Structure formats: structure tokens, C-alpha cells
Amino acid sequence: MNELRHLVDPLDLSFEETLRLLDLADSIANDRTAFAHKCEGKILATLFYEPSTRTRLSFESAMMRLGGKVLGFASAQNSSASKGESVADTVRMVSCYSDIIAMRHNKEGAPRVAAQYARVPVINAGDGGHQHPTQTLSDLLTIRREKGRLNNLTIGLCGDLKFGRTVHSLIKSLVRWEGIRFVFISPEELHVPSYVIDEVVKPSGCEYKEVRTMDEVLPELDVLYMTRVQRERFFNEEDYIRLKDSFILDAEKMKLAPKDLIVLHPLPRINEIAVEVDDDPRAKYFVQAQNSVYVRMALILMLLNIEPGLFEEETVC
């Protein structure tokens, strides 16, 4: 299949394509050396208009582990964007130098614009508070490897649910599985946007509830997905101080959780997960970070069509 494909939104991959990508990522995790030369002669361009450590290095690690090479920039100040060059012109140029592009941008929709002008596949590595599809694929792989399934799960999402792009992407993807139940845990100021509830959760038929403290729901969760409650999102310091400890996971709170709970976090964490939780076998956020490399390796192979048969063939009428 020669059609140019991009990953801007989690739903750019069909349900079946998502499963095939996760299967390929599983294969890579189980035998990384078998894929060590798959991308020899290929170049990944990382266009990161805002700072990133984990995502950028994960993409670079993924390409190098496949035998490919990497070029790019780590901030807008280090690119021609500082001179006023448009995203469209940048990706037209970079398409001449690379085989695939990973882009992070502070403006929602910028990777979609890039995909319209690029002559190589574009991967959205995070756009503002909008989407983060490769983080979502890493989350899905981790849940499936740790729980053995992606259906019939109660997922608690905790912290900044209003601006968190990782949360929005994960909800959008998980509703495609049967038996998913969401528990949204956040302060009122950072609750899930109404459009996510009205346009994604309700139409899917998934059960959900919103709560304001973690303790009351921990015993019923299969997965707890933590994010940071950010001081800058509050209108006044008093509200932040009053609420912040309700959204910190520590060893005492973990006593309330099931023995088979898994705790995830897209990282970086600040203080929302106490360091003492790292030694709990239910803490899987560093495993999640490792899985992100396998997922991005699989995605690069998929979009470059190096592993054929992963995309659905178009039906010819």
C-alpha cells in the first residue's frame, strides 16, 4: 500500500490498525534485535517547537534502535520559525531531507497543517492541550501488557483533566473497547471539558462519573492514570493549597487500592506521586516510558510501510 499515512489524531488509525500496531510493538518488546536494521538508510526529523525531554528522546531512541538516523531541532528558537517561517514551509523543506517527521507544537492543529503539506508521513508528538496520540498508544500497550486486556476495565484519570492532552487522547481511544468505565478525579477547576463528555464519552455509551477526591474511588479501579495538578491553573493560591493534597498519591493512599491496580503517569511528575510509591510493584510509569520506545518503533515501521500488512487495504468497488 503506497498511500501516504499520518498520525495526527488517535483515531487516524482504525481499531484494527491500532491492534496490529500494538501486536507489532509487543513483538519488538519481546525481540528487539530482530528489528535492529529495519530502518537503515532512513531519516527521522524531529521538529519540536516546544521543549520536550521524554517524547523527543523516545522518538530518537526508537529510530536509532531501528538502525535509522535522526535530525531536527529542540525548540522554535533554534529553527527558522524564529524568523517567521510558517509550519507549511518548514515541513515542505524538511520533507526534502527526511523520510518521516515527528512534530510537537504549542498550537493545537499545527501537526494537521503539517500533514497537509508534507511529502512524508507526519506524527503528532503533542499539540498544545489537544492530542498526544503516541503517548496514548504507549498507554494502551502498557495497560494491555500489564492487565492482559483493554476491555472491561475501570479507568481512573486523576489531576488536570481540563488541559491534559494525554488524558483527552486516552479517553478518545479507550471508548472503542467494550466495558470501559471512566472515573474522572479532579478539582472543579480542572474537570474534564464538556465537549469531551458530550462528543466522546456519552456517544460511546461508556459509564462515567466525576469525583473530587481520590480516596473514595481507589478501591474500585483497575488502572489509575495520574497527571499533575498545576498551580498556574488556579485563580488564587488558597484554592490550590486547599485542594492539592487530595491529588497526591502516596503509600497511605495505595493501601486503599486493589492488589492488581496499575498506576500510570505520562511523566514528568512533580509531586503528584510520592517517591515512596516507586517501590510498589503496582507502579508502572517507568515501564510505560520504556513501552513508548517500542510503540514509536512500531509506528515508524508502520508509517514507512516497512512492515507490510499493518494498514487496512482499501476496498475497490
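Residues numbered from 1 in each chain as written. Predicted model: local features only at pLDDT ≥ 70, side-chain atom pairs only at ≥ 80, totals over all residues. Heavy atoms only, no water.

Quick look at the pattern of salt bridges now. For the structure on display, the rule yields 19 salt bridges. In this structure, the salt-bridge partner of R112 is D12, at a minimum N-O distance of 3.7 Å. Pair noted here: R112 is in helix α4 (residues 110-117) and D12 is in the segment before α1 (15-30), with a separation of 100 residues, a long-range link. The exposure class assigned to R112 is partly exposed, which follows from its relative accessible area of 38%. Relative accessible area serves as the criterion here: at 22%, D12 is assigned to the partly exposed category. In this structure, a network of salt bridges that share partners links the residues D23, D26, R144 and R145. (Salt bridge = Lys/Arg side-chain N within 4 Å of Asp/Glu carboxyl O. Helix = DSSP H or I, 4+ residues; strand = E, 2+ residues; numbered from the N terminus. Buried < 20%, exposed > 50% of the residue type's maximum accessible area, 1.4 Å probe, protein only.)

This part covers the packing of aromatic side chains. Enumeration over the complete set of coordinates arrives at five aromatic pairs. With a centroid separation of 5.6 Å and 15° between ring planes, the pair formed by F182 and F184 is classed as stacked. Exposure class is identical for F182 and F184. Each is buried. Consider the rings of F184 and Y208, whose centres lie 6.1 Å apart with planes at 45°: the pair is tilted. Of this pair, F184 sits in strand β6 (residues 180-185) while Y208 sits in strand β7 (residues 207-211), placing them 24 residues apart in sequence. Given the relative accessible area of 32%, Y208 is considered partly exposed. (Phe/Tyr/Trp six-rings, centres within 6.5 Å; stacked < 30°, edge-to-face > 60°.)

Let us look at helix α10 (residues 285-303). If you check α10, its first and last C-alpha atoms are 26 Å apart, about what 19 residues at 1.5 Å a residue would give, namely 27 Å. Burial runs high along α10: 15 of the 19 residues are buried. Just downstream of α10, N305 is the residue with a positive phi angle, here 60°. (Expected span 1.5 Å × (residues − 1).)

Here the focus is the sheet that holds strand β9 (residues 262-264). Taken in spatial order, the five strands of this open sheet run β7-β6-β5-β8-β9, and their pairing is parallel. Looking at which strands have only one partner, the edges of the open sheet turn out to be β7 and β9. Each adjacent strand pair in this sheet contributes to an overall mean axis angle of 20°, direction not counted. With respect to the sheet, helix α5 (residues 133-147) is in contact with β5 (153-158), β8 (223-226) and β9, its orientation differing from that of β9 by roughly 165°. (Pairing = 2+ DSSP bridges. Axes fitted to C-alpha atoms, helices over the stretch in contact; angles between N-to-C directions. Contact = heavy atoms within 4.5 Å.)

For the rest of this paragraph, the subject is a nonpolar patch on the surface. A contiguous nonpolar surface patch, about 260 Å² in accessible area, is contributed by L71, M93 and Y97. Relative to the elements of secondary structure, Y97 occurs in the loop between α3 (87-95) and β3 (100-105). (Patch = residues over 30% accessible without salt bridge, like charges linked within 9 Å, V, L, I, M, F, W, Y side chains within 5 Å. Areas by Shrake-Rupley, 256 points an atom, 1.4 Å probe, with all protein chains shown as cover.)

Orientation of α5 relative to α10, taken along the N-to-C sense of each, is 115°, at an axis distance of 8 Å. The handedness of the crossing between α5 and α10 comes out as right-handed. Here α5 contributes T134, Q135, L137, S138, D139, L141, T142, R145 and E146 to the contact with α10, which in turn contributes V287, Q288, N291, S292, Y294, V295, R296 and L299. Among the residues forming the contact of α5 with α10, the class breakdown is six nonpolar, seven polar and four charged. (Left-handed = near helix turned anticlockwise from the far one by under 90°. Nonpolar A, V, L, I, M, F, W, Y, C, P; charged D, E, K, R; others polar.)

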